[in-house]
Amino acid sequence: MTHLDVTIMGQSYRMVCREGEERALREAARYLDAKMSTIRDAGKVKGNDRIAVLAALGVAAEFLSVKSPQGPLSDLSILEVKQKISAMNTQLDNALTPQENLF
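Residues numbered from 1 in each chain as written. Predicted model: local features only at pLDDT ≥ 70, side-chain atom pairs only at ≥ 80, totals over all residues. Heavy atoms only, no water.

**Student:** Go over the pairing of strand β2 (residues 11–17), please, and point to the residues and values.
**Tutor:** Direction of pairing for strand β1 (residues 2–8) relative to β2: antiparallel, over a ladder of seven bridges. Each residue of the ladder has a partner; that of L4, found in β2, is M15. In this antiparallel pair of consecutive strands, β1 and β2, the connection spans two residues, and M9 shows a positive phi of 50°. (Pairing = 2+ DSSP bridges. Helix = DSSP H or I, 4+ residues; strand = E, 2+ residues; numbered from the N terminus.)

**Student:** Any details on the layout of surface pockets? Residues and values, ideally.
**Tutor:** The gaps left among the atoms become clear once a water-sized probe is rolled over them. Taken as a whole, the second largest pocket spans an internal volume of roughly 200 Å³. Looking at the lining of the second largest pocket, the elements that each hand over two or more residues are β1, β2 and α1 (22–42). Ranked by the residues each element gives to the lining of the second largest pocket, the list is headed by α1, at five residues. A class-by-class count of the residues in the lining of the second largest pocket yields 10 nonpolar, two polar and no charged. (1 Å grid on protein atoms, 1.4 Å probe; cavity = no way out; pocket = protein on both sides within 12 Å on 5 of 7 lines; lining within 4 Å. Points joined across faces, edges and corners; volume = space filled by probe spheres on them. Nonpolar A, V, L, I, M, F, W, Y, C, P; charged D, E, K, R; others polar.)

**Student:** Let's hear about the nonpolar core: which residues, and what values?
**Tutor:** Membership of the largest hydrophobic core is limited to 11 residues, which are L4, V6, I8, M9, A29, M36, I39, V45, I51, L54 and A55. At the level of elements, β1, α1 and α2 (48–67) are the ones that each hand at least two residues to this core. (Core = buried A, V, L, I, M, F, W, Y, C linked by side-chain atoms within 4.5 Å. Buried < 20%, exposed > 50% of the residue type's maximum accessible area, 1.4 Å probe, protein only.)

Structural data, given as structure tokens:
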């Protein structure tokens, strides 16, 4: 095992990976950093936790469409996938927004 430092949205993380997998982990970190930075820079989502969840949903959707062309997203266009992720974003925002005490 080897230790590897990566940076995602300006935050450093020390990771452990198998020998020979350093390049793949660095590429994955750069890809995730780009996804999260794009979401952050759009200015619609606040909080790194929400940004991370939305990035994870986007990456998972991409993975599922590549992994299983006949899978749950196979009949959707990129626009439709983005619309579904946007709807999930709205639901996530609603779920994570502190509820006001109505009393």
